[in-house]
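Commentary on secondary and tertiary structure
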Amino acid sequence: FPVTIRMRTLGDKRRIAYPLYALGDIKRKKREFKEAEKLLSESLQIRRKLEDKIGLSISLTGLGNLYENQKKYEEAEKFHLESLEIDRQLDNKKGIGVSLSNLGKIYKDQGKIEDAEKAHLESLEIKRQLGDKKSISASLSNLGIIYFEQGNDKAAVEQLTESIKLKRELNEVSGIIATTHRVFSLLNKEAQGLYFTKLSEFDLTKFSAKENCWFTNIQLMDACMNDDSISSADIRKISTYIIELCQQNVIRDIDDLPVEAFYVAAKKLIQLNAPEEAQELAKKALEWIGNRKTRRKEELESI
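Residues numbered from 1 in each chain as written. Predicted model: local features only at pLDDT ≥ 70, side-chain atom pairs only at ≥ 80, totals over all residues. Heavy atoms only, no water.

Looking only at helices and strands, the protein features 16 helices and zero strands. Computed over its C-alpha atoms, the radius of gyration of the protein comes to 21 Å, within 12% of the 19 Å expected for a compact globule of 303 residues. Projected onto its principal axes, the C-alpha positions of the protein cover 70 × 40 × 40 Å. A buried classification covers 50% of the 303 residues belonging to the protein. Contacts in the protein between residues far apart in sequence, at least 24 positions, make up 57% of those at least 6 positions apart. Charge centroids of the protein, computed over 51 positive and 49 negative side chains, lie 6 Å from each other. (Helix = DSSP H or I, 4+ residues; strand = E, 2+ residues; numbered from the N terminus. Rg over C-alpha atoms; globule rule 2.2 N^0.38 Å. Buried < 20%, exposed > 50% of the residue type's maximum accessible area, 1.4 Å probe, protein only. Contact = heavy atoms within 4.5 Å. Lys, Arg positive; Asp, Glu negative; His and termini not counted. Charge placed at Lys NZ, Arg CZ, Asp CG, Glu CD.)

A few words now on unusual backbone geometry. Phi at R31 is positive, roughly 65 degrees, even though this residue is not glycine. For R31, a relative accessible area of 30% translates into the label partly exposed. A positive phi angle is found at N171, which is not glycine, with a value near 55 degrees. Of note, N171 is situated in the loop between α9 (153–169) and α10 (173–183). Among the residues examined, N171 registers a relative accessible area of 57% and is labelled exposed.

Applying the stated rule across the entire model yields 19 salt bridges. Of the charged contacts, one joins K93 and D91 as a salt bridge, the two residues approaching to 3.9 Å between their closest N and O atoms. (Salt bridge = Lys/Arg side-chain N within 4 Å of Asp/Glu carboxyl O.)

Our next topic: empty space enclosed by the protein. By the definition in use, this model includes two cavities of 30 Å³ or more. As a volume, the largest cavity reaches approximately 230 Å³. Looking at the largest cavity, it is lined by 16 residues, and the ones nearest its centre are F148, E149, I254, D255 and E260. For the lining of the largest cavity, the secondary-structure elements that each account for two or more residues are α8 (133–150), α10 and α14 (259–271). Here the lining of the largest cavity is composed, by residue class, of seven nonpolar, four polar and five charged. (1 Å grid on protein atoms, 1.4 Å probe; cavity = no way out; pocket = protein on both sides within 12 Å on 5 of 7 lines; lining within 4 Å. Points joined across faces, edges and corners; volume = space filled by probe spheres on them. Nonpolar A, V, L, I, M, F, W, Y, C, P; charged D, E, K, R; others polar.)

With that settled, consider the packing of aromatic side chains. Tallied over the entire structure, the rule returns five aromatic pairs. Here the aromatic rings of F196 and F215 are separated by 5.7 Å at their centres, their planes lie at 20 degrees, and the arrangement is stacked. Of the two residues, F196 sits in helix α11 (residues 189–200) while F215 sits in helix α12 (residues 209–226), which places them 19 residues apart along the sequence. You'll find F196 and F215 in the same group, each marked buried. Measuring from ring centre to ring centre gives 5.8 Å for F207 and F215, while their planes differ by 75 degrees; the resulting arrangement is edge-to-face. Both residues of the pair, F207 and F215, belong to the buried class. Taken together through their ring pairs, the aromatic side chains of F196, F207 and F215 make up a single cluster. A cation over a ring is seen here: R295 above F148, with NZ or CZ 4.5 Å from the ring centre. (Phe/Tyr/Trp six-rings, centres within 6.5 Å; stacked < 30°, edge-to-face > 60°. Lys NZ or Arg CZ within 6 Å of the ring centre and 35° of its normal.)

So this is what it looks like as structure tokens:
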């Protein structure tokens, strides 16, 4: 903050706009929302006065992300739409792609699946034009999740596996684990074995707690779907560990949470004649889902 204060004294508004935004975004990621809103809003006001359109688009995106983090979807949509409009005026393709991706995520969480699909498809097309493999893989993953929500498992597998292929080319270990976690339950037994073997080639000791959570989710799904000897006690032990990992990481994104793993495990517990334990896992998954609209919600509620 001392540097920012000195700049204020000098009255150099253009130079303080970015530090305000950067500090605000750091606060957002730390979930210090009140302070983040203050800093990001001030950055936005300065850039509006300066008519700095590129900077304005960035500050709008920051506020949109802030409100999305707080599930204030109407406010988030407003800021991302204004950012998108500015980027279209500037023909800033990278910015357009980012804004469309952000809007797609908001629409998905609101259950506006068709709007989400449209936004992610346009974002993917732009990213392909730019040849940005990292961004392309992210859009493919987003589309795969959308198709999963629509119940179009074939399309979901196609998008998610293509995303994993690109992430392997880029050696994005974290992204590979996360996307495998999202596609695993949709694969056939042979493909599950292949993907699980590839993941096991990584140095598991170097996994972050979040990556370890995803990997353990995959282990749970693999055991429930392919190991006939698994017991309800085994499932209880693994699921308890997953809950502990989630609490350590404060995971909040619905697509990062082990909802699908717990859905698969709950179904297996019913087969093992352990309905009460199945209901406990379903209850936890529903707690994570909250007010979001998602494909497994009704099935979990019926367990």
